[in-house]
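Reading the structure
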Amino acid sequence: MSKPTTGDFTKTAGWLDWYTGPAKPRFQLPAGAVDAHCHVFGPGAEFPYAPERKYTPCDASKAELYALRDHLGFARNVVVQATCHGADNRAMVDACLSSGGKARGVATVRRSITDEQLQELHDAGVRGVRFNFVKRLVDFTPKDELLEIAGRIAKLGWHVVIYFEAVDLPELWDFFTALPTTVVVDHMGRPDVSKPIDGPEFELFLKFMREHSNVWSKVSCPERLSVTGPKALNGEQAAYRDVVPFARRVVEEFPDRVLWGTDWPHPNLKDHMPDDGLLVDFIPAIAPTPELQQKLLVDNPMRLYWPEEVKGA
Ligand SMILES: O=C(O)c1cc(C(=O)O)oc(=O)c1
């Protein structure tokens with residue numbers, strides 16, 4: 001049955017609803033694991049979608065997100081502001097505030113935000129802002145506005161999350177390398193995994209991380225990047241094989257600067273909606289040892305989002 005979009009909204013045509021009844025993962029997550037990239041959508045009747053949005057999703061509430069967290073075996077979440085909510089962070093903030101300290105957030109803000117409002121976001125658990133350069137998702141924001149925001153949030157100890165397509169990295173390089181904070185790249189900068197792993201495009205991304213020790217990467221979203229599959233459906237235990245070498249390379253070369261997240265409820269998927277339990281089973285293919293899994297799923301996200309709980313951080 002199709003999932004609802006409440007309020008005065010109509011779901012975008014072709015939109016796939018998130019997967020109901022995910023498998024229990026076979027991979028046992030380490031204690032304290034963090035789902036470091038996920039979203040809430042609305043519900044639209046309570047938290048309206050933004051007028052400037054490029055898509056209208058089905059609702060995906062905080063209660064549904066936290067039920068998934070418990071089902072999969074995660075301890076905590078990082079709730080990233082989704083573009084369908086623009087710079088209205090209320091749904092994400094509400095999710096953080098209702099989590100009993102088990103969720104932190106990444107916001108979208110405009111230059112007009114006041115210092116008091118930034119402090120309120122901080123008090124709610126926000127620890128980063130997201131700058132989005134994926135043209136199908138957002139309108140252009142001038143770089144001077146983004147640099148000004150980055151300078152302000154740096155004082156709060158926050159970081160910047162960047163989302164872009166691999167082909168745009170050369171053009172964005174100077175801007176990214178001028179950012180004064182930790183910089184977290186969403187989904188490995190969206191490599192084209194049908195190109196060679198040692199080709200110029202992915203090499204540039206690795207160089208970006210090698211030459212800039214403040215740059216981290218989420219090794220998430222194989223379901224978006226995969227060309228050949230197989231899809232994480234119907235019990236598939238070897239999903240998205242074409243993405244594995246790319247993600248594994250990043251995890252093995254930069255074990256202290258990688259994060260992983262489900263990306264639930266998976267905005268904008270038109271081909272298939274993955275079973276989130278099987279997505280968790282993808283993790284050992286890219287982080288094959290218990291040491292790498294502990295860093296990817298616990299130590300790194302804790303250092304970035306809950307530093308006050310990490311001894312010596
Ligand atoms: O905020 C979003 O709308 C969004 C979209 C996508 C995507 O369409 O690739 O991925 C994300 O991680 C988040």
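To be clear, the structure that these remarks concern was listed above.
Overview of the structure. All of these numbers come straight from a predicted model, not from anything done at the bench. (Residues numbered from 1 in each chain as written. Predicted model: local features only at pLDDT ≥ 70, side-chain atom pairs only at ≥ 80, totals over all residues. Heavy atoms only, no water.)

Broken down by element type, the protein chain carries 11 helices and eight strands. For the protein chain, the C-alpha radius of gyration of 18 Å lies close to 20 Å, the compact-globule estimate for 313 residues. Here the protein chain holds 313 residues, and the buried ones make up 59% of them. Nonlocal contacts in the protein chain, meaning residues at least 24 apart in sequence, comprise 76% of its contacts between residues at least 6 apart. Of the side-chain charges in the protein chain, 36 are positive and 43 negative, and the distance between the mean point of each set is 1 Å. (Helix = DSSP H or I, 4+ residues; strand = E, 2+ residues; numbered from the N terminus. Rg over C-alpha atoms; globule rule 2.2 N^0.38 Å. Buried < 20%, exposed > 50% of the residue type's maximum accessible area, 1.4 Å probe, protein only. Contact = heavy atoms within 4.5 Å. Lys, Arg positive; Asp, Glu negative; His and termini not counted. Charge placed at Lys NZ, Arg CZ, Asp CG, Glu CD.)

The next thing to look at is the pairing of strand β7 (residues 215-218). Side chains V215 and S217 project from β7 onto one buried face, and the interleaved W216 and K218 project onto a second face that is buried too. As paired elements, strand β6 (residues 183-185) and β7 share three bridges and run parallel to each other. The partner of V185 across the bridge, within β7, is S217. Once you follow β6 into helix α6 (residues 200-211) and on to β7, the crossover reads as right-handed. (Pairing = 2+ DSSP bridges. Right-handed = clockwise from strand over helix to strand, strands pointing away.)

All right, on to the packing of helix α5 (residues 169-177) against α6 then. In the contact formed by α5 and α6, the axes pass within 11 Å of each other and the chain directions differ by 10 degrees. Classified by the interaxial angle, the pair formed by α5 and α6 is roughly parallel. Facing α5, whose interface residues are L169, P170, W173, F176 and T177, α6 presents L204, F205, K207, F208 and E211. Within the contact of α5 with α6, the residues separate by chemical class into seven nonpolar, one polar and two charged. (Axes fitted to C-alpha atoms, helices over the stretch in contact; angles between N-to-C directions. Parallel < 35°, antiparallel > 145°, perpendicular 65-115°, else oblique. Nonpolar A, V, L, I, M, F, W, Y, C, P; charged D, E, K, R; others polar.)

Turning our attention to the packing of α6 against helix α8 (residues 244-253). Relative to each other, α6 and α8 sit at 20 degrees, their axes nearing to 12 Å. Judged on the interaxial angle alone, α8 and α6 are roughly parallel. For the crossing formed where α6 meets α8, the hand is right-handed. Counting all contacts with α6, which are made through F202, E203, F205, L206, M209 and R210, the residues of α8 involved are F246, R249, V250 and E253. Considered class by class, the residues forming the contact of α6 with α8 number six nonpolar, no polar and four charged. (Left-handed = near helix turned anticlockwise from the far one by under 90°.)

A cis amide bond links G229 with the next residue in sequence, P230, at an omega value of -10 degrees. Positive phi values are uncommon outside glycine, yet M188 reaches one of about 55 degrees. Notably, N268 is not glycine yet its phi reads approximately 70 degrees, a positive angle. Position of N268 relative to the elements: it lies in the loop between β8 (258-259) and α9 (276-280).

To continue, consider the site of the ligand. In the vicinity of the ligand, 15 residues are found, and the nearest of them are Y55, T83, R136, Y163 and N268. In the model, an oxygen atom of the ligand is placed 3.0 Å from a nitrogen or oxygen of the H37 side chain. Starting from 330 Å² of accessible surface for the ligand in isolation, the protein chains cover 100%. Partitioned by chemical class, the residues of the shell around the ligand number five nonpolar, five polar and five charged. (Near = heavy atom within 4 Å. Polar contact = N/O pair within 3.5 Å; in protein donor to acceptor, adjacent residues only side chain to side chain. Areas by Shrake-Rupley, 256 points an atom, 1.4 Å probe, with all protein chains shown as cover.)

Let us now look at the pattern of salt bridges. Within this structure, the stated rule accounts for 23 salt bridges. The salt bridge involving R69 is made with D70; its shortest N-O contact spans 2.9 Å. By relative accessible area, D70 is classed as partly exposed at 48%. Of the charged contacts in the structure, one is a salt bridge between R130 and D186, with a shortest N-O distance of 2.9 Å. (Salt bridge = Lys/Arg side-chain N within 4 Å of Asp/Glu carboxyl O.)

We now examine the nonpolar core. Formed by 105 residues in total, the largest nonpolar core has its most connected members in F131, I162, F176, V219, V250 and W260. At seven residues, the largest contribution of residues to this core is made by helix α11 (residues 290-305). (Core = buried A, V, L, I, M, F, W, Y, C linked by side-chain atoms within 4.5 Å.)

Mapping E211 onto the fold places it in helix α6. Note: C-alpha distance between E211 and C84 (127 residues apart in sequence) is 34 Å.

Our focus in this paragraph is the state of the cysteines. For the structure on display, the rule yields zero disulfides. In this structure C38 is not part of a disulfide, and its nearest cysteine sulfur, from C96, lies 9.1 Å away. According to the relative accessible area criterion, C38 is buried, its value standing at 0%. (Disulfide = S-S within 2.5 Å.)

Next up on the list: the side chain of H159. Within the secondary structure layout, H159 lies in strand β5 (residues 159-163). With sequence-adjacent residues up to four places away left out, H159 is seen in contact with V106, R127, G128, V129, I153, T181, T182, V184, L304 and Y305.

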